[in-house]
Number of protein chains: 2
Amino acid sequence: MDENVTTSVVVLAGGSGTRFWPLSREAYPKQLLKIFGDQTLIQATLSRIAPMIPDNQIYIVTNSQQAEQIRFQFTPATSPNFITEPTGRNTAAAIGFAAITLAKNDPNGIMVVLSADHFIRHEQVLLAQLRLGREIAQKGYLVTIGAKPTRPETAYGYIQSGEPLLHFPGAARVERFVEKPDKEKAALYLESGNFFWNTGMFVWKIATILEEINRFMPELAKGLKTIGEQTETVQDGTSPAERTSPAEIYACLPSISIDYGVLEKSEKLAVIPAEMGWEDVGSWNALDKILPQDEVGNVITGNVVNVGCNDSIVYAGNRVIAVVGLQHIIVADTDDATLVCSKENAQDVKKVVEILKTKNGEVHRVHRTVIRPWGSYTVLEEGVGFKLKRIMVHPKSRLSLQSHTKRSEHWVVVCGTARVTCGESVYTIGTNQSTFVPMGVKHRLENPTDEPLQIIEVQCGGYLGEDDIARYADDFGREARPPAV
Amino acid sequence: MDENVTTSVVVLAGGSGTRFWPLSREAYPKQLLKIFGDQTLIQATLSRIAPMIPDNQIYIVTNSQQAEQIRFQFTPATSPNFITEPTGRNTAAAIGFAAITLAKNDPNGIMVVLSADHFIRHEQVLLAQLRLGREIAQKGYLVTIGAKPTRPETAYGYIQSGEPLLHFPGAARVERFVEKPDKEKAALYLESGNFFWNTGMFVWKIATILEEINRFMPELAKGLKTIGEQTETVQDGTSPAERTSPAEIYACLPSISIDYGVLEKSEKLAVIPAEMGWEDVGSWNALDKILPQDEVGNVITGNVVNVGCNDSIVYAGNRVIAVVGLQHIIVADTDDATLVCSKENAQDVKKVVEILKTKNGEVHRVHRTVIRPWGSYTVLEEGVGFKLKRIMVHPKSRLSLQSHTKRSEHWVVVCGTARVTCGESVYTIGTNQSTFVPMGVKHRLENPTDEPLQIIEVQCGGYLGEDDIARYADDFGREARPPAV
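Residues numbered from 1 in each chain as written. Chains lettered and ligands numbered in written order. Predicted model: local features only at pLDDT ≥ 70, side-chain atom pairs only at ≥ 80, totals over all residues.

## Notes on the overall build of chain A
Phase 1 of the analysis: When helices and strands are tallied, chain A shows 11 helices and 30 strands.
Phase 2 of the analysis: For a compact globule of 485 residues, the expected C-alpha radius of gyration is about 23 Å, and chain A comes in at 25 Å, within 12% of that figure.
Phase 3 of the analysis: Referenced to the eigenvectors of the C-alpha coordinate spread, the extents of chain A come out at roughly 75 × 60 × 40 Å.
Phase 4 of the analysis: The burial tally for chain A puts 46% of its 485 residues in the buried class. (Helix = DSSP H or I, 4+ residues; strand = E, 2+ residues; numbered from the N terminus. Rg over C-alpha atoms; globule rule 2.2 N^0.38 Å. Buried ≥ 20, exposed ≤ 12 C-beta atoms within 10 Å, placed from the backbone.)

## A closer look at the sheet that holds strand β19 (residues 369–372) of chain B
Residue and element names in this part refer to chain B.
Phase 1 of the analysis: The 6 strands are arranged β19-β20-β21-β29-β24-β27 in an open sheet whose pairing can be described as antiparallel. Of all strands in the sheet, those with a lone pairing partner are β19 and β27 (434–437), marking the two edges. Taking the axes of each pair of neighbouring strands and ignoring which way they run, one obtains an average angle of 20 degrees across the sheet.
Phase 2 of the analysis: Bridge analysis of strand β21 (residues 386–393) against strand β29 (residues 453–461) gives 8 bridges, and the strand direction is antiparallel. Residue pairing for β29: R390 is matched across the bridge by I456. (Pairing = 2+ DSSP bridges. Axes fitted to C-alpha atoms, helices over the stretch in contact; angles between N-to-C directions.)

## With respect to the pairing of β19(B)
Residue and element names in this part refer to chain B.
Phase 1 of the analysis: Examined bridge by bridge, β19 and strand β20 (residues 375–383) share 4 bridges and lie antiparallel to one another. Its bridge partner being in β20, T369 is matched across the sheet by T378.
Phase 2 of the analysis: The loop that links β19 with its antiparallel partner β20 comprises 2 residues.

## Describing helix α7 (residues 218–230) of chain A
Phase 1 of the analysis: Compared with the 18 Å implied by 1.5 Å per residue over 13 residues, the 19 Å span of α7(A) between its first and last C-alpha is a close match.
Phase 2 of the analysis: Tucked inside the fold, the buried residues of α7(A) contact α3 (90–103), α6 (206–216) and α8 (247–251) of chain A. (Expected span 1.5 Å × (residues − 1). Contact = placed C-beta atoms within 7 Å.)

## Some remarks on the environment of R48(B)
Residue and element names in this part refer to chain B.
Phase 1 of the analysis: Tracing the chain through its elements places R48 in helix α1 (residues 41–49).
Phase 2 of the analysis: Considering only alpha carbons, one finds R48 and K34, 14 residues apart in sequence, at a separation of 15 Å.
Phase 3 of the analysis: Excluding anything up to four places from it in sequence, R48 contacts I120, E123 and L126.

## Details of the pairing of strand β26 (residues 425–430) of chain A
All names here are of chain A.
Phase 1 of the analysis: Of all 6 residues that make up β26, 0 are buried, and the element is exposed over most of its length.
Phase 2 of the analysis: Pairing of strand β25 (residues 417–422) with β26 involves 6 bridges; the strand directions are antiparallel. Bridge assignment links T417 to a residue of β26, and that residue is G430.
Phase 3 of the analysis: The antiparallel hairpin formed by β25 and β26 contains 2 residues in its connecting segment, where G423 sits at a positive phi of about 65 degrees.

## Focus: the interface of chain B and chain A
Note: interface size is frequently given as the accessible area lost on complex formation between the parts.
Phase 1 of the analysis: Listed by partner, the interface residues are 50 residues for chain B and 50 residues for chain A.
Phase 2 of the analysis: In the side of chain B that touches chain A, the residues fall into 30 nonpolar, 12 polar and 8 charged.
Phase 3 of the analysis: Pairing of strand β16 (residues 320–324) of chain A with strand β18 (residues 337–342) of chain B involves 5 bridges; the strand directions are parallel. The residue of β18(B) that forms the bridge with V320(A) is A337(B). (Nonpolar A, V, L, I, M, F, W, Y, C, P; charged D, E, K, R; others polar.)

## Considering the nonpolar core
Phase 1 of the analysis: In terms of nonpolar packing, the biggest core is built from 237 residues, with V10(A), V10(B) and V61(B) touching the most fellow members.
Phase 2 of the analysis: When residues in this core are grouped by element, the largest group, 10 residues, is from α3(A).
Phase 3 of the analysis: Apart from the residues within four sequence positions on either side, V61(B) is in contact with V10(B), V11(B), L12(B), A13(B), G14(B), I83(B), E85(B), A94(B), F97(B) and A98(B).
Phase 4 of the analysis: With 41 residues, the next largest nonpolar core counts V413(A), V414(A), W374(B) and V393(B) among its residues. (Core = buried A, V, L, I, M, F, W, Y, C linked by C-beta atoms within 7 Å.)

## Some thoughts on the sheet that holds strand β27 (residues 434–437) of chain A
Strands belonging to one sheet form pairs held by backbone hydrogen bonds; the direction of such a pair is parallel or antiparallel.
Residue and element names in this part refer to chain A.
Phase 1 of the analysis: Sheet architecture is open: 6 strands sit in the order β19-β20-β21-β29-β24-β27, paired in antiparallel fashion. The open sheet is flanked by β19 (369–372) and β27, the only strands paired with a single partner. Each adjacent strand pair in this sheet contributes to an overall mean axis angle of 20 degrees, direction not counted.
Phase 2 of the analysis: Pairing of strand β24 (residues 407–415) with strand β29 (residues 453–461) involves 8 bridges; the strand directions are antiparallel. Bridge pairing links R407 to G461 in β29.

## Section: the domain arrangement of chain A
Phase 1 of the analysis: Partitioning chain A into structural domains gives domain 1 (7–280), domain 2 (286–355) and domain 3 (369–480).
Phase 2 of the analysis: Taking only C-alpha atoms into account, the centre of domain 1 of chain A sits 40 Å from that of domain 3 of chain A. (Domains from an automatic or database assignment.)

## A look at the relation of the copies chain B and chain A
Phase 1 of the analysis: The transformation that overlays chain B on chain A combines an axial shift of 0.0 Å with a rotation of 179 degrees, and the residual RMSD is 0.1 Å. What the superposition gives is, in effect, a two-fold axis relating one chain to the other. In terms of proximity to the rotation axis, the leading residue of chain B is L380(B), whose C-alpha is 3.3 Å off the axis.
Phase 2 of the analysis: When you check the interface residues of chain B against chain A, 100% turn up at the interface there too, and the contact is symmetric in its surfaces. (Least-squares fit on C-alpha atoms with pLDDT ≥ 70 in both.)

## Thoughts on the packing of helix α3 (residues 90–103) of chain B against helix α7 (residues 218–230) of chain B
Residue and element names in this part refer to chain B.
Phase 1 of the analysis: For the pair α3 and α7, the least separation of the axes is 10 Å and the interaxial angle reads 40 degrees. The orientation of α3 relative to α7 falls into the category oblique. Handedness of the α3/α7 crossing: right-handed. Each of A92, A93, G96, F97 and I100 in α3 lies in contact with α7, whose residues at this interface are L220, L224, I227 and G228.
Phase 2 of the analysis: For the contact of α3 with α7, a count of residues per class yields 7 nonpolar, 2 polar and no charged. (Parallel < 35°, antiparallel > 145°, perpendicular 65-115°, else oblique. Left-handed = near helix turned anticlockwise from the far one by under 90°.)

## Things to note about unusual backbone geometry
Phase 1 of the analysis: Between W21(A) and P22(A) the backbone carries a cis peptide bond, its omega angle lying at 5 degrees.
Phase 2 of the analysis: Relative to the assigned elements, P22(A) resides in the loop between β1 (7–12) and α1 (41–49).
Phase 3 of the analysis: At K396(A), a residue that is not glycine, the phi angle is positive and equals roughly 55 degrees.
Phase 4 of the analysis: The residue K396(A) is located in the loop between β21 (386–393) and β22 (397–398) in this model.
Phase 5 of the analysis: Note on K396(A): 11 C-beta atoms within 10 Å, which makes it exposed.
Phase 6 of the analysis: Phi is positive for N90(B), which is not a glycine, with a value near 70 degrees.
Phase 7 of the analysis: Looking at N90(B), the number of C-beta atoms within 10 Å reads 17, which means it is partly exposed.

## Some points on the environment of E279(B)
Residue and element names in this part refer to chain B.
Phase 1 of the analysis: Counting through the fold element by element, E279 comes out in strand β12 (residues 278–280).
Phase 2 of the analysis: The class for E279 is buried, based on 23 C-beta atoms found within 10 Å.
Phase 3 of the analysis: Taking the C-alpha atoms as reference points, E279 and G423, separated by 144 residues in sequence, lie 54 Å from one another.

## Some remarks on the environment of V340(A)
Phase 1 of the analysis: Following the sequence through the fold, V340(A) ends up in strand β18 (residues 337–342).
Phase 2 of the analysis: C-alpha separation for the pair V340(A) and I329(A), spaced 11 residues apart in sequence, amounts to 7.1 Å.
Phase 3 of the analysis: Beyond its immediate sequence surroundings of up to four residues, V340(A) is in contact with I329(A), V331(A), V323(B), L326(B), I329(B), V331(B) and V340(B).

## Quick look at the confidence of the model for chain A
Residues and elements named next belong to chain A.
Phase 1 of the analysis: The predicted model of chain A has a mean per-residue pLDDT of 91, with 95% of residues at 70 or higher.
Phase 2 of the analysis: In this model, residues 233–242 is a region of pLDDT below 50 whose contacts with residues beyond four sequence positions or in other chains number 19 contacts.
Phase 3 of the analysis: Interface predicted TM-score (ipTM) for the complex: 0.87; the corresponding pTM is 0.88. (pLDDT = per-residue confidence, 0-100.)

This is the structure:
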């Protein structure tokens, strides 16, 4: 293959945070969460392809709120680029938008499309198949990565392979795409040997996918062209870049999947089968496939007391969850909300989120713990006239210089050392010391040490919303933006 | 009947708090909880018989820890008397102990035995039958109150009635006691019309039950006699009294039920049927019988989002509990622990408590919110080196004058006004003001106003157990007792 061709990875990360509630929230969809192990799904996605693609060739397509949250998960040196969509318009628009953005640098470059919410057990296999995909894509194919099925799964779509591709052992032309099958058909597909799970991972030349979008989705192509003319050239990839398209045009792009809009119609399709232990992390039921089960089929994590359950998923944290005599039940616990769901109804969790949106409260939107670039805060208690937070500040980090018009704050340091700016004074307080920030006074909390700082904040006032904040200086550029609620 | 005969009510309240976990805890068994409505079960039990028996003729048999908690639930003027057992030895010992205690006042008096954990829908019916029972008891009968069955219940024991009692319409001699039946037998009992649920409510002369104990349980009678000789005469009922028997003798009394030890053998038994909507609050399943069900058989209370559940019990508080597609499941939520249990296994909740006892932690024993005579405190957060409490102090109440050897305390008033004693200083702080109590310094928190006081306490120190307390003065006599943990 031509070694001078640029290879970029486009990671689709536009999740809405409904199907993994209460672990996921609107502002923290699953790709931002550590569902398995120590990395968030987006971190795992990026570190998985790191051996093949440098950070500065990775582009994450998402909305601006999530872009901010994702950025917190990386150091400035390892931060990916962001392509922010003004609104979510499904995968055809997201991929097309990424393609026109990347085309400005190198229209003949290769584009690898990944999702931010996949689990892959055998990462080396994926990398080998993506490298093979890159070679096949050079020949003008739209390459799909197909996972070899290990069970008659009815929750995934399938790709049927056809004529083998010469010179590319294992790869084949695509005979057809098939929708999620019933149990009988899924069993036939598994047996046949030439059906593969449609992983939604693709490799193609930017020029090829744009040609095919032009051919099969002219309306999308036209909208993208207008957007392309209105936006600047993307940077050369040496530093993280963020591009925003004109929102009005974007909102009118057709909202369909790339599979339905382009791939099912194109004749340039190839499939590379991969035995990589792939799973879509689509609902709580996915944990059955990914986490180890006990001898009676339970997947249990966290502070759980189990008396005679089987075939159940219990996902707990520090709170005690006792489960007695359950079968086929999912229990997912967080600090402020608990889900108990039959496995058959795991898809209906999104209905819970819809109902919560209609109620007073924020439990569909944010967690008790909110991640910020300088650390995090956890709302411990809210009462009439007061609100209680535990605030953790990273070493050598500080919050913005800020003030509030409707609340005072009492700070007690419970671990570490804080440098406090309060009005004209700057002073240091340590563990078991406290200070008071009167209403209206400019103040700043800073951790000048190499150890984490933890304080308890007691807010007093008639209004205690996060949007009562004026920022005068900020290490993260937030003084220019409206308050993040 | 002889109007000069004393009638006393003995309420058995020795629950262990296992079957209603996590709502009940070892230190807060179900009788101390508001499971239905605004009253705790013990409050409901006492207010139910108030029209018939004055407070000073009510005796609660329980252990000393529960006696303290129960006392908090009543004003000094309405407080019942307490007969405290050194250890729980089942109902024969508890009733015998109560009988010898009451006999010192009036051996010919009438003793009504009630349980602290019953639900009774039609309270007037109960009162009428207890009054009838009092008359029958005067004739030397051991009177049992039998609830007319409304369904073929297999979780209750039954009493079969025999020959009608002359002059007492409805009442009859007892033919026999039967254990919890299987479904078939229960259906026969329901149909027969002369089987009644054994409610564990009794009426008898003190002399009669002591005679029968003497006859059928001579070992118990002997132990009680020794205990009786060693304890003083009970007060005349004008003020709450508390008696403690010698612990060693008590611990050796036979531990069997009054039914098994005496009633099933006696020939003096009568039964009064009552259609009073009686239920034993024995397990979470009892809620099905007591609280209203929706049209698909769910009993739901608290902050619950229900998507397509049926025949389930969801008992929540302020946290969000979402339930999806459940059938025959019990979900019971508290601040620090959640139970999810199949209805068939509701009895196994006690196994959860057994397991929790073997683990580190207190979640089997106490709630996050702990009731004290002066108000309550709630542990909001515990971390390394700190502990956070919300403290509520009743109007005109104060905590003990105390000190701690291993912690300092930061107090922020979030509602109301506090009078603070700290070392030699006494001062007042209001909402949005704070103060600091250094380690080792004698201090006291007082609410001098007519409105509740609420403060946030941040404790800092290497050891933060409740037993790090020295009390120098206390309105509740606790300075003489070891610290209540």
